[in-house]
Amino acid sequence: MCVAEATASLLQAEETFSACLARIDAHILKPLLQAEPSDQKGKENFKLFLLLNDRFQALWNLTEENYRILKQKYSTSESCCIQDIYTVWKGDLFLNLYIQYFVTFANYVVVHGFEHATKSKSEAWKHPKTALKQFLTDFTSETSMSLALYTVLHKPLRDHIEQYILLLTKLNEGLKEGSEKDIFTSAIKEYVKLEYFISQVLDEACFTKSLWKSLGYKFTDMLCVPERRLLEDSKNLPISASTNRSDRILLFDDVLVLIQGNSFQSFDLKLVWVDENCREKSAPGLYGLRIITPEETFFLSAKDPQMKAVWQWKLNQAVRQALNGKRDFPLWGKTGEGTEPPSSRFFTYVFRLEGKFKSASYEGEWHWGKPHGKGTLKWRDGRNHVGDFREGLEHGFGICLVPRRAEDRYDCYKCHWYEGKMRGYGICEYGNDMVYKGYFKDNVRQGFGVLENLSAEHPFKYTGQWENDKKNGYGVWEDKDRGERYIGTWLDDHKHGQGIVVTQSGVCYQRKFHADKMVGSGILLLEDDSVYEGNFTEDLTFVGKGKLSFANGFVLEGTFTNKLGQGLQTHGILNTSNEQLDDRITKAQLGLEEFPVEKRWKGIYDQFLEFIHSGCKEEMEESFVGFHIQTSKELRKSQEYLFCQRGTEDVSWKIEDILEELVQHQGLESLQSYLEKALKSSLHPLGKLLKALTIAFQATYSGIGANRHLLTMAQEEVKYYAKKIWEFYQGLLHLALEQKGQMPAKCVDGDTSDQKACSVVLPLILPCFYPELFMLYMLYHEREDDLYCQGIVDLSLFPDIKLLEFLDVQKHLWPLKDLTLTTNQRRSLIKDKCFLSATECLQKLITTVDPREKLVILQKTYEEIENTVSRVVEKDYKLPMDDLLPLLMYVVSRAKIQHLGAEIHLIRDLMDPTNQGGLYDFLLTALESCYEHIQRMRLHQRENCHITHSS
């Protein structure tokens, strides 16, 4: 067939079809549209009939429009081209309109629409049989009116589609191979599919309509909706549910229904999973399918594998199409064809059965019947949970809002969850203006954490150990109203056991507590350096037996009373035999025996140990994230960062990368460089650990806690931090080596763990603790530094030559050439010119926090002194101790380092033990001697002045 013949045939067919549609419209549709029913069911069906009419009109209009265009072109043009066959070039439009019409037609069939329509008593529908007879050649008086109406409204359209296929097939046979033939072949396939689709749609509609006839009104009223289609019925294809589960199983295109007696259960197909691997659950001789839904799991059993296969295939295809939101085209392929539905889905569901989620609405990702992935839970009482789920439980990072009773406020938990319970690091912003940042376990605060009250009334801050949601173990409480800080042990939210209280005024005391009350005797250190040992009240009044040691050495021992209006009274003995300041009293150190350093902050170390013992699993790493985050917004950002690809830093701190890199940095220099980067990063486990320890240290020793009686506690802690960080580094390294099947290398240089911690780790972590630690050293050595500074002031009055002479520096070592004179200057009056390079070098001592670097500066100072002397004597000169001390004292006096005593003792306490007995130790001892000598000079001067005044 040529194009011209095809065009002529198409025009003829369309003319006949259009005329048929016009008669249907005039004699069937219009009368029925005027016959609007009065009953509720009829009104619902009539709305559907109106939609069917709209679809009919759209199809008719398209046919008419294209018929007119083609007829006009055919009559005015001598030749037609292939593009004029609009059923091909506008095929998608034709197909969509036919699909819409037949889907709506099928919906009308399902709800018995034609049966209701033919019962109409409208004047417009007076002669229905006469109207129908002209369309049906085999119409008789016995013919069902509803069946006739059903036939009239679908058969002409189906016949016309067959004409399209026949016409296109003949035309296609005459085309040569090429793109046009491919387009026609494809169009023919789509029209053939449309035929199958219409046939399947009508079969399903009749199948479904038969079901509604067979079921009682109760089921029909609740289950029958126009769009719902019955896909399979266990009465037609036998299959049974779990024992006593149901009498009948119905598979629709949107729900699976189990009927038992007068009741039924329905399951939304979007949340149905079909598992064929359940042989162990099937009875002998049966072939089972496991059906998984959000709250129930049951089994379907068939007697032969073929039945099971058909049900499995139909279930899977129905689920897949329900998830896609549209039916396939055509509706069904052959059994075995079609992809299985995805196991992971996104959907909203309201839980109804008893359990943790009862009445909660979940919107999010699902996997095999359980919330899995990202999702949101909402309860009717106002609770919300947004976060990660795994196998039906909260797992991973989540944000939970819990309304407070009788208040229009919420508690907001931003935390890690493990198998449905809070576990790991989190931030809770309570509705009463309190904020907790720390660790949880089984939904309660457990381990290390910080609780702070931000309200204007009674502000406080607790930093320490928690157990079972209560303060238990070692912790620090700061009462900002009273200006006090408690450092000690707790039991069930009460101060209990040994404790130290430090006040803003500088007074501190150590006492035993029982349920927040002081019991027994204690030690009270007053701001005037007096020390009281005995019993005293909460307002620090002496009562009962006690011993008061004054800073000047006097001791008062006896019984103290404080009667109203009479002030403090005592009955005892005053010992004045010792008139010397006693450092054991004025510098007494608290908490050393009562709080062994290894028992402080166990909650921080335990969390890290758990992380290592777990094999450094990534989910554990996420729950270990913590104290580098200061706000809840930062916490959320941190989690988002953990879950996505990390590309914002130069260094990747994913745990697998960490373990891989650890193995590559075992040499000393390489290790130091690696640890420096790791400890500075808040994303590296060691960096997170250091940040938590920094927070604990600052909570104890900053602000109110800056008290000289706590110096040794603080110094011990910093050393212990270094030791634990080294141990944890070793733990990570061993794990990394084990995963590679390697054995840890044995230590060949004889260094112990403590030595490594002091030499490698301590210098790296010291900057984090230096401000608070150095403040304690300054307070501890305040009196000596005052004497030293006064001595420096006195020595600074001397010109260089006078000072060298005063310090007994041998004259042949004086660098007189450095005393360059200007006009009207006398050499004897010049200041700050001798040993200037050594002086400037020593002044750099305060520019670093690292004891190792401070010792290097001291060594360079010594070398500068030697170089200057060698230049003066014009030969290499090694300074003996007798010459070194006066020269070093000169340099010290000119360097004017303000807190030299604190610097010296910090270096001495924190220096690498391997430097003891070496050059560094010798130079530090020499510097210490100079410091003490300058103090004694000032002390002697003060005593001489006192004697002069007395005489």
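Note that this is a predicted model, so its numbers are computed, not measured.

Criteria and cut-off values
Along each chain, the written sequence defines residue order, and numbers are assigned to residues from 1. Thresholds applied to this predicted model are a pLDDT of at least 70 for local features of residues and 80 or more for the giving and counting of side-chain atom pairs; totals over whole chains, interfaces and linings are not thresholded and use all residues. Computation of side-chain values: all heavy atoms of the structure, hydrogens and water removed. Starting at the N terminus, helices and strands are each numbered in turn, a helix being any DSSP run of H or I of at least four residues and a strand any DSSP run of E of at least two. Using a 1.4 Å probe on the protein chains alone, a residue whose accessible area is under 20% of its type maximum counts as buried, one over 50% counts as exposed, and one in between counts as partly exposed. Two residues form a contact once any of their heavy atoms are found within 4.5 Å. Accessible surface area values rest on a Shrake-Rupley calculation with a 1.4 Å probe, where residue burial reflects the displayed protein chains alone. Aromatic pairs are defined between Phe, Tyr and Trp rings, using the six-membered ring for Trp, whenever the two ring centres lie within 6.5 Å; interplanar angles under 30 degrees are classed as stacked, those over 60 as edge-to-face, and all others as tilted. Throughout this description, the term charge over a ring refers to an Arg CZ or Lys NZ atom that lies within 6 Å of the ring centre and within 35 degrees of the ring normal. In this description, strands pair whenever DSSP reports at least two bridges between them. Orientation is described by axes fitted as lines to C-alpha atoms, over the contacting stretch for helices, and by angles from 0 to 180 degrees between their N-to-C directions. Buried Ala, Val, Leu, Ile, Met, Phe, Trp, Tyr and Cys residues that are joined via side-chain atoms within 4.5 Å together make up what is termed a nonpolar core. Here roughly perpendicular refers to angles of 65 to 115 degrees, roughly parallel to angles under 35, roughly antiparallel to angles over 145, and oblique to all remaining angles. Each crossing gets its handedness from the near helix: less than a right angle anticlockwise from the far helix is left-handed, clockwise is right-handed. Note on residue classes: Ala, Val, Leu, Ile, Met, Phe, Trp, Tyr, Cys and Pro are nonpolar, Asp, Glu, Lys and Arg are charged, and everything else, Gly too, is polar. Cysteine sulfur atoms are paired as a disulfide whenever they fall within 2.5 Å. Each polar contact in these results corresponds to two N or O atoms within 3.5 Å; when the atoms are within protein, one needs to be able to donate a hydrogen and the other to accept it, and residues that are neighboring in sequence are counted only if both atoms are side-chain atoms. For this document, the term salt bridge refers to a Lys or Arg side-chain nitrogen within 4 Å of an Asp or Glu carboxyl oxygen. Residues qualify for a patch when their relative accessible area is over 30% and they have no salt bridge, like charges being joined within 9 Å and the nonpolar side chains of Val, Leu, Ile, Met, Phe, Trp and Tyr within 5 Å. One fewer than the residue count of a helix, multiplied by 1.5 Å, yields its expected span. Two axes enter the bend calculation: one fitted to the seven residues ending at the residue in question, the other to the seven starting there, and the bend is the angle between them. The predictor attaches a confidence to each residue, called pLDDT, with possible values from 0 through 100.

## Brief notes about the overall build of the chain
In step 1: Each helix and strand counted, the chain has 27 helices and 27 strands in total.
In step 2: Each of the 951 residues in the chain was classed as buried or not, and the buried ones make up 50%.
In step 3: In the chain, of all internal contacts separated by at least 6 residues, the share reaching a separation of at least 24 is 53%.
In step 4: Of the accessible surface of the chain, which amounts to about 46,600 Å², a share of 50% is contributed by carbon and sulfur atoms.

## Side note on the packing of aromatic side chains
To describe a pair of aromatic rings, you give the distance between the ring centres and the angle between the ring planes.
In step 1: A complete count under the given rule lists 54 aromatic pairs for this structure.
In step 2: Their ring planes at 90 degrees and their centres at 5.2 Å tell us that Tyr 349 and Phe 351 sit as a pair that is edge-to-face. By the burial criterion, Tyr 349 is buried, and Phe 351 matches it.
In step 3: Here the aromatic cluster, defined as three or more aromatic residues joined through ring pairs, consists of Tyr 413, Tyr 430, Tyr 436, Phe 440, Phe 460, Tyr 462, Trp 466, Trp 477, Tyr 486, Trp 490 and Phe 513.
In step 4: Over the ring of Tyr 462 we find Lys 471; its NZ or CZ atom is 5.6 Å from the centre of that ring.
In step 5: The ring of Phe 536 carries the charged tip of Arg 511 above its face, separated from the ring centre by 4.5 Å.

## What about the sheet that holds strand β8 (residues 297–302)?
In step 1: The sheet built from 4 strands is open, its strands ordered β2-β8-β7-β6 with antiparallel pairing. At either margin of the open sheet sits one strand with a lone partner, and together these are β2 (240–241) and β6 (273–275).
In step 2: Relative to strand β7 (residues 287–292), β6 is paired through 3 bridges, and the arrangement is antiparallel. From the neighbouring strand, Val 274 faces β7, where its bridge partner is Ile 291.
In step 3: With respect to the sheet, helix α11 (residues 305–324) is in contact with β6, β7 and β8, its orientation differing from that of β7 by roughly 20 degrees.

## Observations concerning the sheet that holds strand β5 (residues 263–268)
In step 1: Strands sit in the order β1-β3-β4-β5 across an open sheet of 4 strands; the sheet is antiparallel. Where the open sheet ends on each side, the last strands, each with one partner, are β1 (230–233) and β5. Here the average twist between neighbouring strands, direction ignored, is 20 degrees.
In step 2: Pairing geometry for β1 and strand β3 (residues 248–252), over 3 bridges, is antiparallel. Residue pairing across strands places Glu 232 opposite Leu 251, the latter belonging to β3.
In step 3: Lying over the sheet, helix α9 (residues 179–214) contacts β1 and β3, oriented at roughly 60 degrees with respect to β1.
In step 4: Relative to the sheet, α11 contacts β1, β3 and β4 (255–260), its axis offset from that of β3 by approximately 40 degrees.

## Focus on the nonpolar core
In step 1: Trp 601, Leu 686, Ile 725, Ile 765 and Leu 773 are the most contacted members of the largest nonpolar core, which totals 78 residues.
In step 2: Here this core gets 16 residues from one element, more than from any other, and that element is helix α19 (residues 711–739).
In step 3: With residues up to four places along the chain from it excluded, the contact list for Ile 725 reads Leu 679, Leu 686, Leu 689, Leu 690, Leu 693, Val 761 and Ile 765.

## With respect to the packing of helix α4 (residues 91–110) against helix α8 (residues 155–173)
In step 1: Two numbers describe how α4 lies on α8: the axes approach to 12 Å, and their chain directions differ by 155 degrees. Taken together, the axes of α4 and α8 are roughly antiparallel relative to one another. Both α4 and α8 take part in a crossing whose hand is left-handed. Contacts from Phe 94, Tyr 98, Tyr 101 and Phe 102 of α4 reach α8 at Leu 157, Arg 158, His 160, Ile 161 and Tyr 164.
In step 2: Class assignment for the residues of the contact of α4 with α8 results in 7 nonpolar, 1 polar and 1 charged.

## Description of the state of the cysteines
Two cysteines whose sulfur atoms are joined by a covalent bond form what is called a disulfide.
In step 1: Considering all chains together, one arrives at 0 disulfides under this definition.
In step 2: In this structure Cys 400 is a free cysteine whose sulfur lies 8.2 Å from that of Cys 412, the closest cysteine sulfur available.
In step 3: Sulfur of Cys 415: no disulfide; nearest cysteine sulfur belongs to Cys 428 and is 8.8 Å away.

## Some thoughts on the environment of Thr 914
In step 1: Mapped onto the elements, Thr 914 comes out in the loop between α26 (900–910) and α27 (919–950).
In step 2: Judged by its relative accessible area of 48%, Thr 914 is partly exposed.
In step 3: For the pair formed by Thr 914 and Ser 759, sequence separation is 155 residues and the distance between their alpha carbons is 8.4 Å.
In step 4: Only 3.0 Å separates the side chain of Thr 914 from the side chain of Asp 912, close enough to count as a polar contact.

## A closer look at the pattern of salt bridges
In step 1: Inspection of every chain in the model, using the stated rule, returns 39 salt bridges.
In step 2: Its salt-bridge partner being Arg 423, residue Glu 610 comes within 2.8 Å of it at the nearest N-O pair. In this pair, Glu 610 sits in helix α13 (residues 602–613) while Arg 423 sits in strand β15 (residues 421–429), placing the two residues 187 residues apart along the sequence.
In step 3: Here Glu 610 falls in the partly exposed class, since its relative accessible area comes to 29%.

## Some words on the packing of helix α24 (residues 851–873) against α26
In step 1: Across the interface, α24 lies against α26 with an axial gap of 9 Å and an inter-helix angle of 120 degrees. By the angle class used here, α24 and α26 are oblique. As α24 runs across α26, the sense of the crossing is left-handed. Packed against α24, whose contacting residues are Pro 851, Lys 854 and Leu 855, the element α26 presents Glu 903, Leu 906, Ile 907 and Leu 910 at the interface.

## Regarding the pairing of strand β13 (residues 393–403)
In step 1: Bridge count for strand β12 (residues 384–390) against β13 is 6 bridges, and the pairing is antiparallel. Paired with Phe 389 across the two strands is Glu 394, which belongs to β13.
In step 2: Count of turn residues in the β12/β13 antiparallel hairpin: 2 residues, of which Glu 391 carries a positive phi of about 50 degrees.
In step 3: Where β13 and strand β14 (residues 410–418) come together, 8 bridges link them in antiparallel fashion. Paired with Leu 401 across the two strands is Cys 412, which belongs to β14.
In step 4: The loop that links β13 with its antiparallel partner β14 comprises 6 residues; one of these, Ala 406, has a positive phi angle of about 60 degrees.

## Details of the environment of Lys 860
In step 1: Residue position: Lys 860 is located in helix α24.
In step 2: Lys 860 sits 22 residues away from Ala 838 along the chain, and the two C-alpha atoms are 7.8 Å apart.

## Brief notes about a nonpolar patch on the surface
In step 1: On the surface, Met 881, Leu 919 and Phe 922 cluster together into a nonpolar patch covering about 230 Å² of accessible area.
In step 2: The topology assignment puts Phe 922 in helix α27.
In step 3: Residue class for Phe 922 comes out partly exposed when judged on its relative accessible area of 33%.

## With respect to the side chain of His 160
In step 1: Positionally, His 160 belongs in helix α8.
In step 2: If we skip the residues at most four places from it in the chain, His 160 touches Ala 13, Glu 14, Phe 17 and Tyr 98.

## Comments concerning helix α20 (residues 753–780)
In step 1: The end-to-end C-alpha distance of α20 is 30 Å, clearly below the 40 Å that 28 residues give at a rise of 1.5 Å each.
In step 2: When the local axis directions of α20 are compared, the greatest deviation, roughly 70 degrees, occurs at Phe 769, which is followed within four positions by the proline Pro 771.

## Re the confidence of the model for the chain
Atom-level detail of predicted coordinates should not be read off regions where pLDDT is low.
In step 1: In the predicted model, the chain carries a mean pLDDT of 85, and 87% of its residues have values of at least 70.
In step 2: Long-range and interchain partners of residues 639–650, a stretch whose pLDDT sits below 50, account for 20 contacts in this model, where long-range means more than four residues apart.

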